[in-house]
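Residue-level listing of the chains:
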There are 2 protein chains.
Amino acid sequence: MGKKNNYTVEDVAKLAEVSTATVSRVFNKSAKVNEQTSQRVLEAAKELNYRPSRVAQRLRGKRKHSMIIGLIVTDLENPFFSEIARGVEDIAYQNKNAVMVCNSNEDKAKEKFYLEALIAEQVSGFILVPTTHNNKLITEIINDEYPVVCVDRKLNIGDINVDSVTVNNKQGAYRAVERLIKLGHQRIAIINGLEELSTTVERFEGYKQALEDYDISLVDELILYADSREEGGIKSTKQLLELKERPTAIFSINNLMTLGCLEELNTQGINIPGEIALIGFDDMPWSKALNPPLTAVRQPGYELGVSAAELLLKRLSNPSRNTSDIVLNPELIVRASCGN
Amino acid sequence: MGKKNNYTVEDVAKLAEVSTATVSRVFNKSAKVNEQTSQRVLEAAKELNYRPSRVAQRLRGKRKHSMIIGLIVTDLENPFFSEIARGVEDIAYQNKNAVMVCNSNEDKAKEKFYLEALIAEQVSGFILVPTTHNNKLITEIINDEYPVVCVDRKLNIGDINVDSVTVNNKQGAYRAVERLIKLGHQRIAIINGLEELSTTVERFEGYKQALEDYDISLVDELILYADSREEGGIKSTKQLLELKERPTAIFSINNLMTLGCLEELNTQGINIPGEIALIGFDDMPWSKALNPPLTAVRQPGYELGVSAAELLLKRLSNPSRNTSDIVLNPELIVRASCGN
DNA sequence: ATGAAAGCGCTAACAA
DNA sequence: TTGTTAGCGCTTTCAT
């Protein structure tokens, strides 16, 4: 019970009748080794099924980093974030880095827990979807010059410098709402996500801007906030439907809430887009198979992940590089749910 | 540039004017330390913003494991697997373990890469959705007494003993097909997933069993295999629709393929379930919002993850424990896509 | 209650 | 080309 393959360089060295240094050299190709000696070492290693301990390597080595990228997202069940994860992973894997993804579940304590675990494990750097702007730990980490890239959301902390990759949320929202307006809608409700998120703030700005540009005034009862989950969409939609004067269109700011919204509308037998038109933020694989097919602002999740990983890799190879903010543009995918 | 907070026990010891041993004792509460000394150490540590290096701890310490669970899934973008991940994570977090999830993307080389990375990092153990049955590396790892739990798929290797948590796939498939038969269908097509997966094999068995029990013979042209992705569903459906004699019902074995299937059916204007009925394996958050709402076999993804994590934790605390196989039962969720 | 010192498994000078 | 040796940062005897 538990031999657990704990052979060391020394065991291999002994079996191959060489020094530990030679074993190390063979494994790392860090210096010329005689072909035959090399063979002997490899055979010995194979016989013992030897695996170098990365823990020891890391403790000793000058290359302090682990070739492991930590990715912390806020909701792994949300396909938008799994798309990001895929993007990160593809780039990382191409560069022989492993990605370890952790799910903070929008919970600050969990985020902290994972951040600390990953630092303790000495990951090379982080790609992070921060839970909220104001995070002391993250500030510390960044000030400690730990390589960090924020993705999807910005870290709105005073004068701090971080790489970031985000989407032009304001523009995306603006286009969605503009579309609705041009279709003749005036009473346009918005279901916002968590209030403190930069994405929520920006999308809401797009909404306000569009209304303003078209001389439509904001109506309090049409501006809702929910929890970015399906449940939140259902609840908000119910609330909207109870209004004396219902909205003629709903702009839902996140994929899962949109699903909830659609469900509730269908449940209550509302005709979409006849009675109420619907546009969502975030286009999903199933959007076109929905009833009705959903008009949505498509965010390039995969590309977000790719860019973030590339950015992190660049910083890793050049730590003194200036930080940069990459902003990707979303796109409005028009389908039946908003009419035409 | 790059101070990177590399303070060590020694720095703290110096500042607090104690020995490194004392610092260690304070941090690990591993022995009585004078209250005042302890205070001094803590202050010194805070001042330097000292974080013990887990790498060094692990190299030295007797507790060899890291409180990190490695989870390797085959498709992180598939919500079924993210549900599993959530289950694993919740249990792990409750027990102060971190989860690092890796995505093998159904690729053996990638699976190997991650397996080795995680072992090298000395994770406490694995929860694994194996890419295919026959995997030498995994056999080795298990034989090395590394704690492993297989989830969703079994590792059909000869005499090896592993903990596993799976779904009763045969039963689930049987019920789906039986339902179709009872609704009067005789020409029932099946779109299988990757041929070598245990899940595919078992679901196909359920299909065959049901047909046999109701005296319906197997028809080759109605038995298709695809790649478990949306694209595969589209392709297979096209193929089915080109048949001289079309099936009257389709049983699609995986969520993403079902989506593809539905899309293609809708694209070609097929009436569901009028012309062709559809049942899928795997119920998803969006299933009820589809057009038409989808009848599906619901797999308890979250519970799968929970059970797997619990099993792993048990093995960790008692390595000589007998292995066990947990089988969870699926459930047929009836909606409009199969008629009634 | 505290300190000194050994050593975990490995790599990188420095020698030979 | 190969070996010897000194640590990496920490925990853990063994002394004191």
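Please refer to the structure higher up on the page.
Keep in mind the model is a prediction, meaning the values are calculated, not measured.

Just checking my understanding: could you explain the packing of helix H2 (residues 20–28) of chain B against helix H3 (residues 35–48) of chain B for this structure?
Packed helix pairs are specified by the crossing angle of their axes together with the interaxial distance, meaning the distance between the axes. Residues and elements named next belong to chain B. The geometry of H2 relative to H3 is characterised by a closest axis approach of 10 Å and an angle of 90 degrees between their N-to-C directions. As judged from the angle between their axes, H2 and H3 are roughly perpendicular. Here Thr 22, Val 23, Val 26 and Phe 27 of H2 lie close against H3, whose contacting residues are Thr 37, Ser 38, Val 41, Leu 42 and Ala 45. The residue inventory of the contact of H2 with H3, partitioned by class, reads six nonpolar, three polar and no charged.

Explanation requested: the protein's contact with DNA strand C in the structure shown.
Taken together, 24 residues form the shell around DNA strand C, and within it Val 9 of chain A together with Arg 25, Asn 34, Thr 37 and Arg 60 of chain B come nearest. Considering DNA strand C, the proportion of its atoms within 4 Å of the protein that are sugar or phosphate atoms stands at 57%. The contact in question runs from a phosphate oxygen of DNA strand C to an N or O atom on the side chain of Asn 28 of chain A, over 3.1 Å. Separating a phosphate oxygen of DNA strand C from a backbone N or O atom of Ser 53 of chain A is a distance of 3.0 Å.

Where do I start with the environment of Glu 230 of chain A in this structure?
Relative to the helices and strands, Glu 230 of chain A is located in helix H10 (residues 230–241). Separated by 26 residues in the primary sequence, Glu 230 of chain A and Leu 256 of chain A place their C-alpha atoms 4.7 Å from one another. Excluding its chain neighbours within four sequence positions, the residues that come into contact with Glu 230 of chain A are Leu 256, Met 257, Gly 260 and Glu 263 of chain A together with Pro 285 and Lys 288 of chain B.

Can you walk me through the relation of the copies chain A and chain B in this structure?
Relating the two copies of this chain is a rotation about some axis coupled with a shift parallel to it. Superposition of chain A onto chain B requires a rotation of 180 degrees combined with a translation of 0.1 Å along the rotation axis, giving an RMSD of 0.4 Å. In symmetry terms, the pair is related by a two-fold rotation axis. The overlap is high: 100% of the interface residues of chain A also sit at the interface in chain B, so the same surface is used on both sides.

Teacher, can you tell me more about the protein's contact with DNA strand D here?
Within the structure, DNA strand D sits among 23 residues, and Arg 25, Asn 34, Thr 37 and Arg 60 of chain A together with Val 9 of chain B are positioned closest to it. Per the 4 Å cut-off to the protein, sugar and phosphate atoms form 58% of the nearby atoms of DNA strand D. Between a phosphate oxygen of DNA strand D and a main-chain N or O atom of Asn 34 of chain A, the distance comes to 2.5 Å. For DNA strand D, a phosphate oxygen lies 2.5 Å from a polar atom in the side chain of Thr 37 of chain A. Residue assignment for the surface near DNA strand D shows that the elements contributing at least two residues are helix H2 (20–28) and helix H4 (54–60) of chain A together with H2 and helix H4 (54–60) of chain B. With four residues, the single largest contributor to the surface near DNA strand D is H2 of chain B.

Explain the sheet that holds strand E8 (residues 249–252) of chain B to me, please; I cannot follow it from the model alone.
In sheet architecture, strand pairing relies on hydrogen bonds along the backbone and comes in two forms, parallel and antiparallel. All names here are of chain B. Spatially, E7-E6-E8-E9-E10-E12 is the arrangement adopted by the six strands of the open sheet, whose pairing is mixed. Bordering the open sheet on either side are strand E7 (223–225) and strand E12 (331–333), each of which pairs with just one other strand. Across this sheet, the average inter-strand angle for adjacent strands is 20 degrees, counted without regard to direction.

Just checking my understanding: could you explain unusual backbone geometry for this structure?
Most peptide bonds take the trans form, and the phi angle of most residues other than glycine is negative. In the segment running from Ile 272 of chain A into Pro 273 of chain A, the intervening peptide bond is cis, with an omega of 5 degrees. Relative to the elements of secondary structure, Pro 273 of chain A occurs in the loop between helix H11 (255–267) and strand E9 (277–281). Cis geometry marks the peptide bond from Asn 291 of chain B to Pro 292 of chain B, where omega comes out at -5 degrees. Among the structural elements, Pro 292 of chain B can be located in the loop between strand E9 (277–281) and strand E10 (295–298). With a phi close to 60 degrees, Glu 106 of chain B is a non-glycine residue in the positive phi region. Considering the arrangement of structural elements, one finds Glu 106 of chain B in the loop between strand E2 (98–103) and helix H6 (108–120).

Just checking my understanding: could you explain the pairing of strand E3 (residues 125–128) of chain B for this structure?
Walk down a regular strand and you will see the side chains alternate between the two sheet faces. All names here are of chain B. Burial of E3 is two-sided: the residues Gly 125 and Ile 127 facing one way and the residues Phe 126 and Leu 128 facing the other way are all buried. The pairing of strand E1 (residues 68–73) with E3 spans four bridges and is classified as parallel. Directly across from Gly 70, in E3, lies its bridge partner Phe 126. Where E3 meets strand E4 (residues 148–151), three bridges bridge the pair, whose relative direction is parallel. For Ile 127, the partnering residue across the bridge sits in E4 and is Val 149.

I keep staring at the pattern of salt bridges and nothing clicks. Help me out?
Pairing between side chains becomes possible if they bear opposite charge and their charged atoms approach one another. This structure, assessed with the given rule, holds 30 salt bridges over all chains. In this structure, the salt-bridge partner of Arg 315 of chain B is Asp 163 of chain B, at a minimum N-O distance of 2.7 Å. Remark: Asp 163 of chain B occurs in strand E5 (residues 163–167) and Arg 315 of chain B occurs in helix H12 (residues 301–317); sequence separation between them is 152 residues. Judged by relative accessible area, which is 10%, Arg 315 of chain B ranks as buried. Taken together, the salt bridges that share partners define one network made up of Glu 77 and Lys 110 of chain A together with Arg 86, Glu 89 and Asp 90 of chain B.

Any chance you could explain the packing of aromatic side chains here in plain terms?
The description of an aromatic ring pair uses the distance of the two centres, along with the angle that the planes make with each other. For the structure on display, the rule yields 17 aromatic pairs over all chains. Judged by centre distance (5.1 Å) and plane angle (80 degrees), the ring pair of Tyr 93 of chain A and Phe 113 of chain B falls under edge-to-face. Separated into two different chains, Tyr 93 of chain A in helix H5 (residues 79–94) and Phe 113 of chain B in helix H6 make up a pair that spans both. You can call Tyr 93 of chain A partly exposed: its relative accessible area is 25%. The interplanar angle of 40 degrees and the centroid separation of 5.5 Å between the aromatic rings of Phe 126 of chain B and Tyr 146 of chain B together place this pair among those described as tilted. With Phe 126 of chain B in strand E3 and Tyr 146 of chain B in the loop between helix H7 (136–143) and E4, this residue pair connects regions lying 20 residues apart in the sequence. A relative accessible area of 0% places Phe 126 of chain B in the buried class. Linked through ring pairs, Tyr 93 of chain A together with Phe 113 and Tyr 114 of chain B together constitute an aromatic cluster.

Each value, and the rule that gives it
Residues numbered from 1 in each chain as written. Chains lettered and ligands numbered in written order. Predicted model: local features only at pLDDT ≥ 70, side-chain atom pairs only at ≥ 80, totals over all residues. Heavy atoms only, no water. Axes fitted to C-alpha atoms, helices over the stretch in contact; angles between N-to-C directions. Helix = DSSP H or I, 4+ residues; strand = E, 2+ residues; numbered from the N terminus. Parallel < 35°, antiparallel > 145°, perpendicular 65-115°, else oblique. Contact = heavy atoms within 4.5 Å. Nonpolar A, V, L, I, M, F, W, Y, C, P; charged D, E, K, R; others polar. Near = heavy atom within 4 Å. Polar contact = N/O pair within 3.5 Å; in protein donor to acceptor, adjacent residues only side chain to side chain. Least-squares fit on C-alpha atoms with pLDDT ≥ 70 in both. Pairing = 2+ DSSP bridges. Buried < 20%, exposed > 50% of the residue type's maximum accessible area, 1.4 Å probe, protein only. Salt bridge = Lys/Arg side-chain N within 4 Å of Asp/Glu carboxyl O. Phe/Tyr/Trp six-rings, centres within 6.5 Å; stacked < 30°, edge-to-face > 60°.

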